[in-house]
Amino acid sequence: SSQPNFRMPGYTLTDLQGGVTVGKCALGLYVRNLFDKRAILGADAALVAFGSPLHATVAQPRTLGATLSTSF
């Protein structure tokens, strides 16, 4: 079996999160991949035909979100 000659570049991903609690309610905000880095997280050639491109897993694009919870 042949191994691909593929060097994965380094990367840094930045996530932020914060929140506030008021009484029984909690609000959280988050940002994943703050700088929208296009990083390759992994590469695999196990099920790829010879000469074909690698199968690569890339970082999720910037994602914004919120959570709201309460206690009963």
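One can find the structure itself at the top, above this paragraph.
Residues numbered from 1 in each chain as written. Predicted model: local features only at pLDDT ≥ 70, side-chain atom pairs only at ≥ 80, totals over all residues. Heavy atoms only, no water.

Draft legend 1. The sheet that holds strand β2 (residues 25–32), seen in detail. Strands sit in the order β1-β2-β5 across an open sheet of three strands; the sheet is antiparallel. Looking at strand neighbours, the two that pair on one side only are β1 (16–22) and β5 (63–70), the edges of this open sheet. Adjacent strand axes in the sheet meet at a mean angle of 10°, parallel and antiparallel pairs treated alike. (Pairing = 2+ DSSP bridges. Helix = DSSP H or I, 4+ residues; strand = E, 2+ residues; numbered from the N terminus. Axes fitted to C-alpha atoms, helices over the stretch in contact; angles between N-to-C directions.)

Draft legend 2. Expanded view of the side chain of Asn33. The topology assignment puts Asn33 in the loop between β2 and β3 (40–44). On the accessibility criterion, Asn33 (4% relative accessible area) is buried. Only 2.9 Å separates the side chain of Asn33 from the backbone nitrogen of Lys37, close enough to count as a polar contact. For Asn33, the residues in contact, after removing those within four places along its chain, are Leu13, Thr14, Asp15, Ala59, Gln60, Pro61 and Arg62. (Buried < 20%, exposed > 50% of the residue type's maximum accessible area, 1.4 Å probe, protein only. Polar contact = N/O pair within 3.5 Å; in protein donor to acceptor, adjacent residues only side chain to side chain. Contact = heavy atoms within 4.5 Å.)

Draft legend 3. Quick look at the environment of Lys24. Position of Lys24 among the secondary structure elements: in the loop between β1 and β2. In this structure the C-alpha to C-alpha distance between Lys24 and Phe72, which are 48 residues apart in sequence, comes to 7.9 Å. Sequence-distant contacts of Lys24, defined by excluding residues within four places in its chain, comprise Ser69, Thr70 and Ser71.

Draft legend 4. Up close: unusual backbone geometry. Even without being glycine, Asn33 reaches a positive phi, approximately 55°. Here Asp36, not a glycine, exhibits a phi torsion of approximately 55°, which is positive. Position of Asp36 among the secondary structure elements: in the loop between β2 and β3. For Asp36, a relative accessible area of 21% gives the class partly exposed.

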